[in-house]
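Given next are the chains, with one letter for each unit.
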Amino acid sequence: MSSVNVTIQELTRTVDPGLRPAARGAGGAPSATASSTCTPDLAKSPWNFDGGSPAYGPGASMGDTAPADTPRQGGIPEEYRLATDAELDARIRAAKETLGDRLVVLGHFYQRDEVVQYADFVGDSFQLANAALTKPDAEYIVFCGVHFMAETADILSRGDQAVVLPNLAAGCSMADMADESSVEECWEQLMELYAEEDDDGRAPVIPVTYMNCSAALKAFVGRHGGIVCTSSNASTVLEWAFERGRRVLFFPDQHLGRNTAKAMGVPLEAMPMWNPRRPLGGNSAEALQEAQVILWHGFCSVHKRFTVGQIEGARAEYPGCRVIVHPECPMEVVDAADAAGSTDFIRKAVAAATEPTTFAIGTEVNMVNRLAAEYPQHTIFCLDPVICPCSTMYRIHPGYLAWVLEELVAGRIVNRITVDAVTAVDAKTALERMLAARP
Ligand code: SF4
């Protein structure tokens, strides 16, 4: 784990508790306000969406179908639902004070500011899992992100540290698009198809999973000679995989897989899509034999919203603006942008601009607004004019955070996320391969 500890020094930063969303960018560019979200209902009262049938709730994933076994959040005491913002603020700060070094609170880049303000670290999912390792005295890791992130933190943390997700309904629609049984079924079909191929010393196919997946899938790739990637290191990981296999099965995000492989020179016709509801994923045997990267039929509902038309509109309104998008965006959007990269890449690109610059950014609006507040010398706005945040991140509300923290103060651990030992070992194997593959 020493490599993890070294890595985190470069990757994490302490959050500025004073950050707030900017109403407008420095140049008057459109920016989010509380009333301009595609619906404010989830922001104000996420508990109204908990307890019923599994659903992502208002926001970018609203139109996606949540799996029947999606974790559900039971009710929380009325006092947390009725408390004012000021009361919750005082209770959260008091609980944090009482717990002291026994607690570390992690906030994802896409998390809302009302929650991120309490985070000891803010970053992407892997940065945050590693950030917890810099707090060896922490008995409790409260992860203000989504379910797969809390699982990764549990895999990387010590067994005596408890990882808590303030709202169990905070899943991820992309991660839910690849379930273990569908991937196992796909794998069996591919193994059967490739069984007759000549042995050239490489595996017929290497499974590569994006960090945004369940622990079960990280364990799957660990067991099958595969590897995990992030949006920061996807090309390095694909190179690693191509050294060991003739093809890659990439899940769950088709866009990250396609954008990364295309940039490495893999032709589009060598990247068939696997639809888990169809035999051979909806492909011919020949197409799968010729494939270099088999893309799972998954996507991020937030990043799918960005379009080439939005980029054209931004350039028309702000000639010379710099368009930076996340590689979870569709290929046409990535191709039309000036640059594409991970959340960390986007942050660094903004931080590196020495002259006042207009940035049109294609990623989750909470992060964009935070950048706008942090860098007032620039004009920074979200490419998507309809502000539609990540539905699942919004399931975390200060009311839930106050509840889990006060339960910890009372000596009770609620909403603990645990990954069983066998799964954790295999998943860690895949994560460690990724760390070893760093250039
Ligand atoms: S932004 Fe997309 S990938 Fe990230 S948690 Fe939300 S739905 Fe999942």
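Conventions used here
Residues numbered from 1 in each chain as written. Predicted model: local features only at pLDDT ≥ 70, side-chain atom pairs only at ≥ 80, totals over all residues. UniProt positions renumbered as here; feature names shortened; annotations may be inferred. Helix = DSSP H or I, 4+ residues; strand = E, 2+ residues; numbered from the N terminus. Rg over C-alpha atoms; globule rule 2.2 N^0.38 Å. Buried ≥ 20, exposed ≤ 12 C-beta atoms within 10 Å, placed from the backbone. Contact = placed C-beta atoms within 7 Å. Near = placed C-beta within 6 Å. Nonpolar A, V, L, I, M, F, W, Y, C, P; charged D, E, K, R; others polar. Pairing = 2+ DSSP bridges.

- An unreviewed UniProt entry annotates the chain as Quinolinate synthase originating from Zhihengliuella alba.
- Per UniProt, the chain carries the Pathway (unreviewed entry) text "Cofactor biosynthesis; NAD(+) biosynthesis; quinolinate from iminoaspartate: step 1/1."

1. Observations concerning the overall build of the chain
Part 1 of the argument: If you tally the helices and strands in the chain, you get 19 helices and 13 strands.
Part 2 of the argument: A compact globule built from 439 residues should have a C-alpha radius of gyration of about 22 Å, and the chain, at 21 Å, falls within 12% of that.
Part 3 of the argument: C-alpha atoms of the chain, sized along the principal axes, occupy 65 × 55 × 45 Å.
Part 4 of the argument: By the burial criterion, 53% of the 439 residues in the chain qualify as buried.
Part 5 of the argument: Long-range pairs, those at least 24 residues apart, make up 70% of the contacts in the chain with a sequence separation of at least 6.

2. Some remarks on the site of the ligand
Part 1 of the argument: Around the ligand, the structure places 14 residues, and the nearest of them are Cys172, Met174, Cys300, Val302 and Cys390.
Part 2 of the argument: When the residues that make up the shell around the ligand are grouped by side-chain class, the tally is 8 nonpolar, 5 polar and 1 charged.

3. Re the sheet that holds strand β12 (residues 358–362)
Part 1 of the argument: If you trace the 4 strands from one edge of the open sheet to the other, you get β11-β10-β12-β13, paired in parallel fashion. The sheet terminates laterally at β11 (339–340) and β13 (379–382), the two strands that pair on one side only.
Part 2 of the argument: Sheet topology note: the β12/β13 ladder contains 4 bridges and is parallel. Counted as the bridge partner of Phe359 is Ile380 from β13.

4. Describing the environment of Ile294
Part 1 of the argument: Structurally, Ile294 can be placed in strand β9 (residues 293–296).
Part 2 of the argument: The spacing of Ile294 and Gly257 is 37 residues in sequence and 8.7 Å in space, taken between C-alpha atoms.
Part 3 of the argument: Beyond its immediate chain neighbours, meaning those up to four positions away, Ile294 contacts Arg247, Leu249, Phe250, Pro272, Trp274 and Leu288.

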